[in-house]
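In case you want the letters, here they are:
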Amino acid sequence: MLEVGRVAKPHGLRGQVVVELITNRTERLAPGARFGDLVVTEVKPHGHRWIVGFEGVVDREGADLLRGRVLEAEPIEDPDALWVHELIGADVVDTSGTWLGVVAAVEANPASDLLVLDAGGLVPLRFVVDHEDGKVVVDPPAGLLDL
């Protein structure tokens, strides 16, 4: 299961909550979507977050019990998607095949999420040109990685 969002806080008095997604796949919140025992009944955008109603949550007290709850879902089959759990531990090479390091973490960044390499380098995801099990190919501009 992948973490796709988190309940931030209650919204209003009728059981709705504010959800922060950590995925760009907004269809995760479509009515009928399930997160364990929670079933989405209604959803609307609210700035960079979402107002969500769940089946059986009808008042503020019920919504408050969901505060901080992690929303997890099965991965979506998408051969072009980069999944954080698949990137961690992958070897990173440039387009000429030069080994640059191993992905130690993926760091959120407003301009472009960053691959954090064990050797200390940071590679914006926009420079990833290919990926397969255990290997990421990047095409960074000259000078970006002076390792």
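These notes cover the structure that comes with them. Just so you know, these numbers come straight off a predicted model, no measurement behind them. (Residues numbered from 1 in each chain as written. Predicted model: local features only at pLDDT ≥ 70, side-chain atom pairs only at ≥ 80, totals over all residues. Heavy atoms only, no water.)

The next thing to look at is the environment of Asp64. One can find Asp64 in helix H1 (residues 60–64). Once the C-alpha coordinates of Asp64 and Val17 are considered, the two residues, 47 residues apart in sequence, prove to be 8.1 Å apart. (Helix = DSSP H or I, 4+ residues; strand = E, 2+ residues; numbered from the N terminus.)

Now for the sheet that holds strand S6 (residues 70–73). Overall, antiparallel pairing links the 6 strands, which are arranged S3-S4-S5-S2-S1-S6 in an open sheet. Whereas interior strands pair on both sides, the edge strands pair on one side only; in this sheet they are strand S3 (34–35) and S6. The pairing of strand S2 (residues 16–21) with strand S5 (residues 49–54) spans 3 bridges and is antiparallel. Within S5, the position partnered with Val17 by the bridge is Val52. (Pairing = 2+ DSSP bridges.)

A word on the side chain of Ser112. Along the chain, Ser112 falls in the loop between strand S8 (99–107) and strand S9 (114–117). Judged by its relative accessible area of 12%, Ser112 is buried. Ignoring any residue separated from it by four or fewer positions in sequence, one finds Ser112 in contact with Pro124, Leu125 and Arg126. (Buried < 20%, exposed > 50% of the residue type's maximum accessible area, 1.4 Å probe, protein only. Contact = heavy atoms within 4.5 Å.)

Our next topic: the sheet that holds S8. Pairing is mixed in the open sheet, where 6 strands are placed in the order S10-S9-S8-S7-S12-S11. The strands lining the two open edges of the sheet, one partner per strand, are strand S10 (122–124) and strand S11 (128–132). Across this sheet, the average inter-strand angle for adjacent strands is 35°, counted without regard to direction. Relative to S10, S9 runs antiparallel, the two sharing 3 bridges. Residue pairing across strands places Leu114 opposite Pro124, the latter belonging to S10. (Axes fitted to C-alpha atoms, helices over the stretch in contact; angles between N-to-C directions.)

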